[in-house]
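A closer look at the structure
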Amino acid sequence: MVLPLQATTSTYLTCMKDSKYVLSEHRLISKIGMDMDYLAAPVFVTLALATLLLRLVLRWRVGELCHPRLPPGSRGLPLFGETLEFFTASPTLELLPFFKRRLERYGPIFRTSLVGEDLIVSLDPELSTRVLQEEERAFQIWYPPSFMRVLGADSIIAALGPLHRHIRALMLRLFGPESLRLVLLPDVQRSARAELRSWLRLPDVEVRAATSRMIFGVTAKKLISHDDAASEGSLWKCFDACTSGLLAFPLCVPGTAFYRCMQGRRRVMKMLKEQLGARRNEPEREGVDFFDLVIHELDKPESELNENMALDLLFLMLFASHETTSIGLTVILKFLTDNPKALQELTEEHENVQKRAGADPDSDEITWEEYKSMKFTSHVIHEALRLANIAPVVFRKTIQDVQINDYTIPQGSKVMICSSAAHLNPKVYENPSVFNPWRWKDILEPVGGSKNFMAFGGGLRLCVGADFAKLQMAIFLHCLVIKYRWEAISGGTMMFYPGLRFPDGFHIKLLPKD
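Being a predicted model, the structure only gives us computed values, none of them experimental.

So, on to the UniProt feature "binding site: heme" (unreviewed entry) in the protein. Sites flagged by UniProt as "binding site: heme" (unreviewed entry) map to C463. Tracing the backbone through its elements, the reader meets C463 in the loop between α18 (419-423) and α19 (466-483).

This part covers the packing of helix α14 (residues 307-338) against α19. Packed helices, taken two at a time, are described by the angle their axes make and the gap between the axes. Where α14 contacts α19, the two axes come as close as 10 Å, and the packing angle between them is 40 degrees. By the angle between their axes, α14 is oblique relative to α19. Considering the relative orientation of α14 and α19, their crossing is right-handed. Residues S321, T324, T325, G328, L329, I332, L333 and L336 of α14 form the contact with α19, whose participating residues are A469, Q472, M473, F476, L477 and L480.

Once that is clear, we can look at the environment of S433. Note that S433 resides in the loop between α18 and α19. A C-alpha to C-alpha distance of 9.4 Å links S433 and R386, two positions 47 residues apart in sequence. Not counting the four nearest positions on each side in its chain, S433 is found in contact with L93, E94, L387 and L424.

Core analysis: the biggest nonpolar cluster contains 148 residues, and F99, L272 and F290 have the highest contact counts within it. Here the element with the most residues in this core is α14; it accounts for 17 residues. Those residues within four positions of F99 in sequence are excluded, and the remaining contacts are F86, F110, V121, L123, V393, M416 and C418.

Let's shift gears to the environment of A158. Residue placement: A158 occurs in the loop between α7 (145-151) and α8 (161-175). Along the backbone, A158 and Q140 are 18 residues apart, and their C-alpha atoms lie at a distance of 9.3 Å. Setting aside its immediate chain neighbours within four residues, A158 contacts I141, M148 and A153.

Our focus in this paragraph is the sheet that holds strand β9 (residues 484-491). Taken in spatial order, the 3 strands line up as β4-β12-β9 in an open sheet, and their pairing is antiparallel. The two strands at the open ends of the sheet, each matched to only one other strand, are β4 (205-206) and β9. One ladder, built from 7 bridges, connects β9 with strand β12 (residues 506-512); its direction is antiparallel. Bridging across to β12, E487 finds its partner in K509. On the sheet, α14 packs against β9 and β12 and is oriented at approximately 70 degrees with respect to β12. Contacts from α19 reach β9 and β12, with the element oriented near 105 degrees to β9.

Let us now look at the sheet that holds strand β8 (residues 414-418). Read from one edge of the open sheet, 5 strands run β1-β2-β8-β5-β3, paired in mixed fashion. Taken across any chain shown, the strands that pair with only one partner, and hence form the sheet edges, are β1 (109-114) and β3 (139-141). The sheet shows a mean angle of 40 degrees between the axes of neighbouring strands, taken without regard to direction. Direction of pairing for β1 relative to strand β2 (residues 117-122): antiparallel, over a ladder of 6 bridges. The residue of β2 that forms the bridge with S113 is D118. Seen against the sheet, helix α5 (residues 97-106) touches β1, β2, β5 (393-398) and β8 and runs at an angle of roughly 135 degrees to β1. Lying over the sheet, helix α6 (residues 125-133) contacts β1, β2, β3, β5 and β8, oriented at roughly 120 degrees with respect to β8.

Attention now goes to the packing of α14 against helix α17 (residues 375-388). Direction vectors running N to C along α14 and α17 enclose 105 degrees, while the axes themselves pass 9 Å from each other. The angle between the axes of α14 and α17 places the two elements in the roughly perpendicular class. Residues G328, V331, I332 and F335 of α14 touch α17, and the partners they reach there are V380, I381, A384, L385, L387 and A388. Of the residues contributing to the contact of α14 with α17, the split by class is 9 nonpolar, 1 polar and no charged.

Cut-offs used in this document
Residues numbered from 1 in each chain as written. Predicted model: local features only at pLDDT ≥ 70, side-chain atom pairs only at ≥ 80, totals over all residues. Heavy atoms only, no water. UniProt positions renumbered as here; feature names shortened; annotations may be inferred. Helix = DSSP H or I, 4+ residues; strand = E, 2+ residues; numbered from the N terminus. Axes fitted to C-alpha atoms, helices over the stretch in contact; angles between N-to-C directions. Parallel < 35°, antiparallel > 145°, perpendicular 65-115°, else oblique. Left-handed = near helix turned anticlockwise from the far one by under 90°. Contact = heavy atoms within 4.5 Å. Core = buried A, V, L, I, M, F, W, Y, C linked by side-chain atoms within 4.5 Å. Buried < 20%, exposed > 50% of the residue type's maximum accessible area, 1.4 Å probe, protein only. Pairing = 2+ DSSP bridges. Nonpolar A, V, L, I, M, F, W, Y, C, P; charged D, E, K, R; others polar.

Here it is in structure tokens:
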């Protein structure tokens, strides 16, 4: 039922010749030739279109005759594939119905077609781990063209080999352990305290939007020295539009989420390009942000970076550094609102940190060592990320034939890893769709990625900002529960499209503690 996209023309023609379902093109053309004298033009056009459609359907259906050892599956409708079902909203924390139905019918490895791409889908923890761990050996990075249109063709997610490692090392100069401890920890604390004080003046706070703006403000200053609050959040609004359209159906016409997404990207890239030109024309100065570091790399003789790579890198870092964290915090506050026992234990942990010897009882300042001691907070964060499945799918492409169980995944095949299958595996997590942070007391928390926890990817592509994201969540929770309480006002319904969204938001009222 599927002819892999990597199949050559000669292979396809051989399949077509061998299939008993294929019409003889020679006979069909001869017949049309004999009848041309008395066929009216509209009839001929209709016949030609019908012939083209028939050939498309035959091409769609005949591929399984050539690759009998491919995993089972279906390509769905011509052109559309199974895309519409994939994007159908699901209101539960369980495995998406799209995946669940195919798991029951085909098993944990199957074929499908989404957004014009033939895919091998892995719900199998062993295969998913193998795909991530064998980066640059049997697999390499790949994302659908619609993703790359948003994130940039020269983004780090498309970089391979030494170039990828070089850019990653550059990013770690901002998000590495030393910078987290000495620079970002105090910056995050100041931002969280200021944000929460501003919430007290508001009758209603939509948590995702508010925390997204807060986190974006921190990263924008560190990356490009941009004060988004002074511009009334104009840059953040562009990225917020990109976020809503990244996992939308890639229809770029006015009024669609994807169109707004692309418009947001164009505005951001124009601003970054103008800023790059202005910076390079300034007198030489001491490096004060990540932009200066990038420009220094660009100006090196025989630099591995070019201007497009640099701009796409800045765009990706601004995009990724705030969205995962803001969704994670919104999910955490929703779960804590619904679970007073977890909120009580979390609060007690932070109050104990507050009572450290010699501390100012009115201060919420914490040290690196105190942050690292917050065990239950870490359990809450990992449990929320497990259930939220913020990065629902990961893509790769085979660079050689891969054997898995009784199947062959041919060279050039696109592979989609479903991280939620690992996060909701009942063999690993008891009652997997239930929020239970205490389960992590008996599970070794992943330092990086693992086959059972893929919230930040894994292998060579493990998210560079993973530790920064967890730091921001923990510090915000500390500042929140020490001085404040909150009441849920409205919203809070979680939906997967397949990415997690709060269609009605999650609105709260922040109050000072009595």
